[in-house]
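What follows is each chain in one-letter form.
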Number of protein chains: 2
Amino acid sequence: MTAPGTAAGPGTPAHDGSRSLYTYFRSSAAYRVRIALGLKGLDYEAIPVHLLKDGGQQLSPAYREVNPFGLVPAYAEDGRTLTQSLAIIEYLDERYPEVPLLPGSAWERAQVRQLALAVACEIHPINNLRVLKYLSQTLELPETAKQQWLHHWMQSGLESLEETVVRMGQGGDFCAGSAPTLADCCLVPQLFNARRFGVDLTRCPRLLAIDQACAARPAFQSAHPDAQPDAA
Amino acid sequence: MTAPGTAAGPGTPAHDGSRSLYTYFRSSAAYRVRIALGLKGLDYEAIPVHLLKDGGQQLSPAYREVNPFGLVPAYAEDGRTLTQSLAIIEYLDERYPEVPLLPGSAWERAQVRQLALAVACEIHPINNLRVLKYLSQTLELPETAKQQWLHHWMQSGLESLEETVVRMGQGGDFCAGSAPTLADCCLVPQLFNARRFGVDLTRCPRLLAIDQACAARPAFQSAHPDAQPDAA
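Each residue is numbered by its place in its chain's sequence as written, counting from 1. Each chain gets a letter, beginning with A, and each ligand a number, beginning with 1, in the order they are written. Owing to the predicted nature of the model, reporting of local features is limited to residues with pLDDT of at least 70; listing and counting of side-chain atom pairs is limited to 80 or more, with chain, interface and lining totals taken over all residues.

## Points about the sheet that holds strand S2 (residues 45-48) of chain A
All names here are of chain A. Following DSSP output, two strands are said to pair if at least two bridges run between them. Helix and strand labels come from DSSP, where a helix needs a run of H or I of at least four residues and a strand needs a run of E of at least two; each type is numbered from the N terminus. The strand order across the open sheet built from four strands is S2-S1-S3-S4, with neighbouring strands paired in mixed fashion. Strands with a single pairing partner mark the edges of an open sheet, and in this sheet they are S2 and strand S4 (80-83). Adjacent strand axes in the sheet meet at a mean angle of 25° when their direction is disregarded. For strand S3 (residues 74-77) and S4, the ladder comprises four bridges, and the chain directions are antiparallel. When the bridges of S4 are listed, Ala-74 appears paired with Thr-83. Fitted lines through C-alpha atoms give the axes, limited to the stretch in contact for helices. The angle between two N-to-C directions lies from 0 to 180 degrees.

## Re the interface of chain B and chain A
Whether two residues are in contact depends on their C-beta atoms, placed from the backbone: they are in contact if these lie within 7 Å. Contact residues are listed per partner, giving 33 residues for chain B and 33 residues for chain A. Tallying contributions element by element places helix H4 (residues 106-123) of chain B first for the side of chain B that touches chain A, with eleven residues. Class assignment of the residues belonging to the side of chain B that touches chain A gives a composition of 20 nonpolar, five polar and eight charged. Side-chain classes are defined by residue name, with Ala, Val, Leu, Ile, Met, Phe, Trp, Tyr, Cys and Pro counting as nonpolar, Asp, Glu, Lys and Arg as charged, and the others, Gly among them, as polar.

## Digging into the relation of the copies chain B and chain A
Here the copies were fitted onto each other by least squares, based on C-alpha atoms from residues at pLDDT of at least 70 in both. The transformation that overlays chain B on chain A combines an axial shift of 0.0 Å with a rotation of 180°, and the residual RMSD is 0.0 Å. Both chain copies can therefore be described as sitting about a two-fold axis. When C-alpha distances to the rotation axis are compared across chain B, the minimum falls at Cys-121 of chain B, with a value of 2.4 Å.

## Details of helix H7 (residues 182-196) of chain B
Residues and elements named next belong to chain B. Every helix has an expected span of 1.5 Å times one less than the residues it contains. With 15 residues, H7 extends 22 Å between its outermost C-alpha atoms, agreeing within 8% with the 21 Å of an ideal straight helix rising 1.5 Å per residue. Taken across its 15 residues, H7 has twelve buried, putting it largely inside the fold. For every residue, the other C-beta atoms within 10 Å of its own C-beta are counted; 20 or more classify it as buried, 12 or fewer as exposed, and values in between as partly exposed. C-beta atoms are placed from the backbone. For H7, every residue scored as buried is listed here: Leu-182, Ala-183, Asp-184, Cys-185, Cys-186, Leu-187, Val-188, Pro-189, Gln-190, Leu-191, Asn-193 and Ala-194. Looking at the buried positions of H7, the neighbouring elements they touch are helix H1 (28-39), helix H3 (85-95), H4, helix H6 (143-168), helix H8 (205-215) and helix H9 (218-223).

Below you can see the structure in the form of structure tokens.
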């Protein structure tokens, strides 16, 4: 289970021999890694990085020392740091192979990765906080235009993802069979985001059914934004 | 070497037992896969999908049968189709392990993946054709605002990538040592894009040196947009 987070703040070095996650409760990329850690039953220290306080703690010089991109999550183990949620999860899957998050054959693994990457490359980046900030602050777009932007990319992206999952034609309750994979780690946070912004998901029945199956699992419950120590 | 592309157009089914790539000469995601295929010495049939002709051939019902997202590239092998450039390259690396595109240890593999994903998740998606179209056509932003958008995300992203590569501190001519990896497959097309739009790269000397090392390799040369059969 997940260790309670400390209030150490960004920039605190990871302790040797331990796992730390720089996280923000509502970051969907951090949420992916929290799910993966939970599925594997790995303890970690949560180091909260508040994306809205202090002008964005992720942009502080201290946190830029952890991740030059100024984005969460970052993962530290034995004093070394990794960024990018999918790279972190693939690492966890190779380093701690019990409860695998990718299936056995090269083609099946690629199919799972294509779903995860569809979320991580085609849906999430266009709607994350820094892009929305640019729309409001730099381009000075009205709130309605920002909402349309969000809905456009999330809805079209999730409907294409639905179609991709349906065509893969795998049975089971999850994206790719009867156990959660990397794809489910990415899907659930994206659906959380979509609901938060009121995106219409009626054309994604399969994704919603998968989401429901995930919600019944403790690893998904303890990774949920509302269950985080830094939740507002 | 790369087989010459046919003019078959999107929607043409892949021949069993062969490799096909749905590609567009200037798509940086397709360019990544072309480099990987070249590094591994794998022949393939190039199926051109013109992103600007016919209102965007990638959006046609025929191509949506190949990829519901309406994006290139897509890769077909033995009558099965995969999407997402990084999933395709990881598949190629597992299926054709000679000339590996990822290093040996889990941590080193994760480091390479974090660089590739930084390009694929943080730099490219915000600047691809469909997003730029939305800025011009839906939001009706002036050309100068679109240019500023492009420059902002590419320059800040590439400078953070430079910092990440420098901190990894690996020697050799490439992103992660003395041989090209998945990270170089992603970096080179992104730098091509950045130059095309006149992005200032003076604060990325390490990335530019890597780009030069890549440019000397035949696999990178034959994957270049100008060398494609569908180049304008």
